[in-house]
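Below, each chain spelled out in residue letters.
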Amino acid sequence: PYDMMLNERNIVKIYSSGHSRIPVFERDPDKPKDITHLRGVLLSKQLIVVNSSDKRSVASLPIYIPSCVSPRENLVDCINMFQRPSSGSRGGHMALVCTRPKIAKAALEAGKPLPKNAGLLGIITMEDALEELLQEEIYDEMDSHEVHKHRIAKKAFNKWKRFVSRKKESSQVNAVSGEERLSSVVEEAMARSATVASEPGNDAVVVDINNES
């Protein structure tokens, strides 16, 4: 929140989030849970100079104004925008996705919170855009827990693939063995029949189906 006091507890909470950029919003007295009235972005590194005993609020720190983009914005254009040098307290590697980006931009530059009719949909970072284009997760040193979960999931998936592969091989071997056993039984039965037919007194009877008499 824009008016949040930067005491020791809140500073630790911000740092422990693991994010380098923290969206700052203005409280709505009528809707306490509404966090869409954004004022800008707080860089967590700014907290280095804050003494928790000074009773300062977030509002006392420079708040960066992020770019505002449409949900139809091309991802390559977004990356090019993120790579442009920041102008003062504007720009950066985070942007707000709004249905009416011009209204959102005008409000933020005027030092006002994001209005409802700006149509805030979410936030996009340069990392998000790169991951979407590369179709690959990008991890940094703060993502150790996510990396660990990803490795466990990958290990479990590979183990399942090996299990399914062994099952298929086993089924194929069993099918082949079954066919071989059946063939062996048929051949044995035919051999017995031939042996019995060749014994004296066991002449084979041949029926002529063309003879109607």
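These figures come from a predicted structure and were not determined experimentally.

### Observations concerning the pattern of salt bridges
No. 1: The tally for this structure, following the rule as stated, stands at three salt bridges.
No. 2: Arg27 serves as the salt-bridge partner of Asp3, at 2.8 Å between the closest nitrogen and oxygen. Taken together, the positions of Asp3 in the segment before helix 1 (8–16) and Arg27 in the loop between strand 1 (21–25) and strand 2 (38–43) put the pair 24 residues apart, joining distant regions of the chain.
No. 3: In this structure Asp3 comes out as partly exposed when scored by relative accessible area, which is 44%.
No. 4: We classify Arg27 as partly exposed; its relative accessible area is 48%.
No. 5: Lys116 serves as the salt-bridge partner of Asp34, at 3.4 Å between the closest nitrogen and oxygen. Of the two residues, Asp34 sits in the loop between strand 1 and strand 2 while Lys116 sits in the loop between helix 3 (101–109) and strand 5 (120–125), which places them 82 residues apart along the sequence.
No. 6: Overall, Asp34 belongs to the buried group, its relative accessible area being 11%.
No. 7: On the basis of relative accessibility, which here comes to 55%, the residue Lys116 falls in the exposed class.

### Some thoughts on a negative patch on the surface
No. 1: Together, Glu127, Asp128, Glu132, Glu136 and Glu137 line one region of the surface with negative charge.
No. 2: Mapped onto the elements of the fold, Glu136 is located in the loop between helix 4 (126–134) and helix 5 (144–198).

### Some points on the confidence of the model for the protein chain
No. 1: Here the protein chain averages 77 in pLDDT, while 66% of its residues score no lower than 70.
No. 2: Of the regions scoring below 50 in pLDDT, residues 202–213 engages in two contacts with residues more than four places distant in sequence or in other chains.

### Remarks on the packing of aromatic side chains
No. 1: Scanning all chains against the criterion turns up zero aromatic pairs.
No. 2: Directly above the aromatic system of Tyr2 lies the positively charged group of Arg39, at a separation of 4.2 Å from the ring centroid.

### As for the nonpolar core
No. 1: Residues Met4, Leu6, Ile11, Ile14, Ile22, Val24, Leu42, Leu47, Val50, Val58, Leu61 and Ile63 constitute the largest nonpolar core, which totals twelve residues.
No. 2: For this core, the secondary structure elements donating two or more residues are helix 1 and strand 1.
No. 3: In contact with Ile22, other than residues within four places in its own chain, are Ile14, Ser17, Gly40, Val41 and Leu42.

### Examining the side chain of Arg39
No. 1: Topologically, Arg39 is positioned in strand 2.
No. 2: With residues up to four places along the chain from it excluded, the contact list for Arg39 reads Tyr2, Val24, Phe25, Glu26, Ile63, Leu108, Gly111, Lys112 and Pro113.

### Observations concerning unusual backbone geometry
No. 1: With a phi angle near 55°, Lys55 is a residue other than glycine that sits in the positive phi range.
No. 2: In this structure, Lys55 sits in the loop between strand 2 and strand 3 (65–69).

### Focus on the sheet that holds strand 4 (residues 90–98)
No. 1: Judged by pairing direction, the sheet is mixed, and its three strands sit side by side in the order 3-4-5 without closing on themselves. Edge strands, defined here as strands with exactly one partner in the open sheet, are strand 3 and strand 5. On average, each strand axis in the sheet is tilted by 40° relative to the strand beside it, whichever way the strands run.
No. 2: Inspection of the sheet shows strand 3 paired to strand 4 by four bridges, in the parallel sense. Counted as the bridge partner of Ser67 is Ala95 from strand 4.
No. 3: The sheet contacts of helix 3 involve strand 3 and strand 4, and relative to strand 3 the element is tilted by about 165°.
No. 4: Relative to the sheet, helix 4 contacts strand 4 and strand 5, its axis offset from that of strand 5 by approximately 80°.

Basis of the calculations
Residues numbered from 1 in each chain as written. Predicted model: local features only at pLDDT ≥ 70, side-chain atom pairs only at ≥ 80, totals over all residues. Heavy atoms only, no water. Salt bridge = Lys/Arg side-chain N within 4 Å of Asp/Glu carboxyl O. Helix = DSSP H or I, 4+ residues; strand = E, 2+ residues; numbered from the N terminus. Buried < 20%, exposed > 50% of the residue type's maximum accessible area, 1.4 Å probe, protein only. Patch = residues over 30% accessible without salt bridge, like charges linked within 9 Å, V, L, I, M, F, W, Y side chains within 5 Å. Areas by Shrake-Rupley, 256 points an atom, 1.4 Å probe, with all protein chains shown as cover. Lys, Arg positive; Asp, Glu negative; His and termini not counted. Charge placed at Lys NZ, Arg CZ, Asp CG, Glu CD. pLDDT = per-residue confidence, 0-100. Contact = heavy atoms within 4.5 Å. Phe/Tyr/Trp six-rings, centres within 6.5 Å; stacked < 30°, edge-to-face > 60°. Lys NZ or Arg CZ within 6 Å of the ring centre and 35° of its normal. Core = buried A, V, L, I, M, F, W, Y, C linked by side-chain atoms within 4.5 Å. Pairing = 2+ DSSP bridges. Axes fitted to C-alpha atoms, helices over the stretch in contact; angles between N-to-C directions.

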